[in-house]
Amino acid sequence: MTDFSANLGFLWKELALPDAIRAAKKAGFAAVEMHWPYATPAAQVKAALDETGLPLLGVNTIQGEEGENGLCALPGRQQDAKASIDQAIAYADATQAKAIHVMAGFADGHEAHQVFVENLRYACGATDRTILIEPLNHHDAPGYFLNSSSQAADIIAEVGMPNLKLMFDCYHLQIMEGDLTRRLTHHRGIIGHIQFASVPERAEPDLGEVNYTHIFAYLKELGYDAPLGAEYKPLSGKTEAGLGWMKTLS
């Protein structure tokens, strides 16, 4: 059986985070992950995690102001970017989250690249938790700085810190690059977390063009046994109504 992590940024959005954690446990998820949980006191999240026994796989750095979608590749925002990293690390420490996704933001060019590398080195040096970077597709996030797996791999190599890893989101990478099986093989050594959703709907994974039965089985062949992140938007709006895939795809 494949273990799955419920991304509570999209699943059970109608519930307070502690209740969403409890709902994920009841549904059979092996872990949870979050986008921006900072409005909920970390102590409340930690209490629910302890109650359910679910690990928290990760949180994101904040998006910043409207239209930024992250701060860490934005020239001139280095002080704010470091503050967002510090905030995420503090929350991760308080909740024992395993990883932090450092969001790049909308930017391009050499200066943005240098700023991102600088901020990633800061993040990796400030914690021993895994730091993740995630390419986002050009339909959902046009203009996002990080937009391919090869770009992410080059940045990871340039930063040169062992706790910097790739967030391999099958949804985003299928849209931008496809060829998921070969890309999983090629990047296996730098992958820190894997997420999935149907393409193109970003709904339950038993819909759309990606054969996740094959993908999940192939990941087992690769020896990848960490929980896979269900980061999708329930088609009906009700999370419980679409959870049949947890049995049919695993």
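Our subject in this report is the structure included herewith. (Residues numbered from 1 in each chain as written. Predicted model: local features only at pLDDT ≥ 70, side-chain atom pairs only at ≥ 80, totals over all residues. Heavy atoms only, no water.)

## Comments concerning the packing of helix α3 (residues 78-95) against helix α4 (residues 110-126)
Here is the rule we go by: The axes are straight lines fitted to the C-alpha atoms, using for helices just the contacting stretch, and the angles between their N-to-C directions are given from 0 to 180°. Where helices and strands are cited, they refer to DSSP runs of H or I of at least four residues and of E of at least two residues respectively, numbered from the N terminus. By the definition adopted for this analysis, an angle is roughly parallel if under 35 degrees, roughly antiparallel if over 145, roughly perpendicular if from 65 to 115, and oblique otherwise. For any helix crossing, the convention is left-handed if the near helix is rotated counterclockwise from the far helix by under a right angle, and right-handed if that rotation is clockwise. Every residue pair with non-hydrogen atoms within 4.5 Å of one another is taken to be in contact. Residue polarity follows a fixed list, in which Ala, Val, Leu, Ile, Met, Phe, Trp, Tyr, Cys and Pro are nonpolar, Asp, Glu, Lys and Arg are charged, and the others, Gly among them, are polar.
The contact between α3 and α4 brings their axes to 10 Å, and the two run at 30 degrees. Put simply, α3 runs roughly parallel to α4. Remark: the crossing between α3 and α4 carries right-handed chirality. For the pair α3 and α4, contact is made by Q78, A81, K82, I85, D86 and I89 and by V115, E118, N119, Y122, A123 and A126, respectively. A per-class count over the contact of α3 with α4 returns 7 nonpolar, 2 polar and 3 charged.

## Section: the packing of aromatic side chains
In plain terms, the rule: Ring pairs shown here join Phe, Tyr and Trp side chains whose ring centres sit within 6.5 Å, with only the six-membered ring taken for Trp; geometry is labelled stacked below 30 degrees between planes, edge-to-face above 60, and tilted in between. Categorising residues by exposure relies on relative accessible area from a 1.4 Å probe, with only protein chains included: less than 20% of the type maximum marks a residue as buried, more than 50% marks it as exposed, and the intermediate range marks it as partly exposed.
For the coordinates displayed, the defined rule picks out 13 aromatic pairs. Measuring from centroid to centroid gives 5.7 Å for F4 and F196, while their planes differ by 65 degrees, and the two rings are edge-to-face. You can see F4 sitting in strand β1 (residues 4-7) and its partner F196 sitting in strand β7 (residues 191-196), a full 192 residues away along the chain. Judged by its relative accessible area of 1%, F196 is buried.

## Examining the environment of P200
By the element assignment, P200 lies in the loop between β7 and α8 (212-222). Considered as a pair, P200 and H172 are 28 residues apart in the sequence and their alpha carbons are 9.5 Å apart. Aside from chain neighbours lying at most four places away, what touches P200 is Y171 and E209.

## A look at α4
Where we set the bar: A helix is expected to span 1.5 Å for every residue after the first.
The terminal C-alpha atoms of α4 lie 24 Å apart, and with 17 residues this matches the ideal 24 Å at 1.5 Å per residue to within 8%. Every buried residue of α4 is listed here: A112, H113, V115, F116, V117, N119, L120, A123 and C124. Considering only its buried residues, α4 is in contact with α3, β5 (130-133), α5 (149-159) and β6 (164-169).

## Comments concerning the packing of helix α7 (residues 180-187) against α8
Two elements in contact, α7 and α8, have axes separated by 11 Å at closest approach and are oriented at 25 degrees. Taken as axis vectors, α7 and α8 run roughly parallel relative to one another. Along this stretch, α7 crosses α8, giving a crossing that reads as right-handed. Counted together, L180, T181, L184 and T185 of α7 and H214, I215, Y218, L219 and L222 of α8 form the full contact between these two elements. The residue makeup of the contact of α7 with α8, split by class, is 6 nonpolar, 3 polar and no charged.

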